[in-house]
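# Descriptive analysis of the structure
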Amino acid sequence: NLGQSVCIVTGSEDTTVYFYSYDMKKNRCVNRLQGHSAPIIDVCFNRDESFFASGDENGNIIIWKRDQF
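First things first, this report covers the structure right here in the doc. (Residues numbered from 1 in each chain as written. Predicted model: local features only at pLDDT ≥ 70, side-chain atom pairs only at ≥ 80, totals over all residues. Heavy atoms only, no water.)

### As for the sheet that holds strand β4 (residues 40-45)
The strand order across the open sheet built from three strands is β4-β5-β6, with neighbouring strands paired in antiparallel fashion. Two strands in the sheet have a free side with no partner beyond their single neighbour: β4 and β6 (61-65). Neighbour-to-neighbour, the strand axes of the sheet open up by a mean angle of 20°, direction not taken into account. As defined by bridge partners, strand β5 (residues 51-56) adjoins β6 across five bridges and the pair is classed as antiparallel. Along β6, the bridge assignment pairs Gly55 with Ile61. (Pairing = 2+ DSSP bridges. Helix = DSSP H or I, 4+ residues; strand = E, 2+ residues; numbered from the N terminus. Axes fitted to C-alpha atoms, helices over the stretch in contact; angles between N-to-C directions.)

### What about the nonpolar core?
Listed in full, the seven residues of the largest apolar core are Val9, Val17, Phe19, Leu33, Ile40, Phe52 and Trp64. When residues no more than four places from it in sequence are discounted, the contact partners of Ile40 are Gly11, Ser12, Thr15, Thr16, Val17, Ser54, Gly55 and Asp56. (Core = buried A, V, L, I, M, F, W, Y, C linked by side-chain atoms within 4.5 Å. Buried < 20%, exposed > 50% of the residue type's maximum accessible area, 1.4 Å probe, protein only. Contact = heavy atoms within 4.5 Å.)

### Examining the pairing of β5
Relative to β5, β4 runs antiparallel, the two being bridged by five bridges. Residue pairing for β5: Cys44 is matched across the bridge by Ala53. In sequence, β4 turns back onto β5 through a hairpin of five residues, with Glu49 there showing a positive phi of about 60°. Here β5 folds back onto β6 in antiparallel fashion, the turn holding four residues, of which Gly59 has a positive phi close to 90°.

### Quick notes on the packing of aromatic side chains
A full pass over the atoms with the stated rule returns four aromatic pairs. Judged by centre distance (6.3 Å) and plane angle (80°), the ring pair of Phe19 and Phe45 falls under edge-to-face. Linking Phe19 in strand β2 (residues 16-22) with Phe45 in strand β4, this pair joins segments that are 26 residues apart in sequence. For the ring pair Phe45 and Phe52, a centre distance of 4.8 Å and an interplane angle of 55° mean the geometry is tilted. (Phe/Tyr/Trp six-rings, centres within 6.5 Å; stacked < 30°, edge-to-face > 60°.)

### A look at the sheet that holds strand β3 (residues 28-34)
Spatial ordering of the open sheet is given by β1-β2-β3, a layout of three strands whose pairing is antiparallel. Whereas interior strands pair on both sides, the edge strands pair on one side only; in this sheet they are β1 (6-11) and β3. Mean inter-strand twist for the sheet, computed between neighbouring axes without regard to direction, equals 20°. Bridge count for β1 against β2 is six bridges, and the pairing is antiparallel. Bridge pairing in β2 places Ile8 opposite Tyr20.

The following block contains the structure:
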């Protein structure tokens, strides 16, 4: 749980979604989601951040629930 901290989320060519906490002094990876079999090209949260979607090059989309990330 990142609480109120700023979070940067990115998809990677290694098929992993990475969550980073943003801090002026130190940035660190706080979570990884694995489930894709192709490079990830898009990531998106819904309005209240209870769901997160990631899409890959093959057209697969995974919907993640908050307790998973």
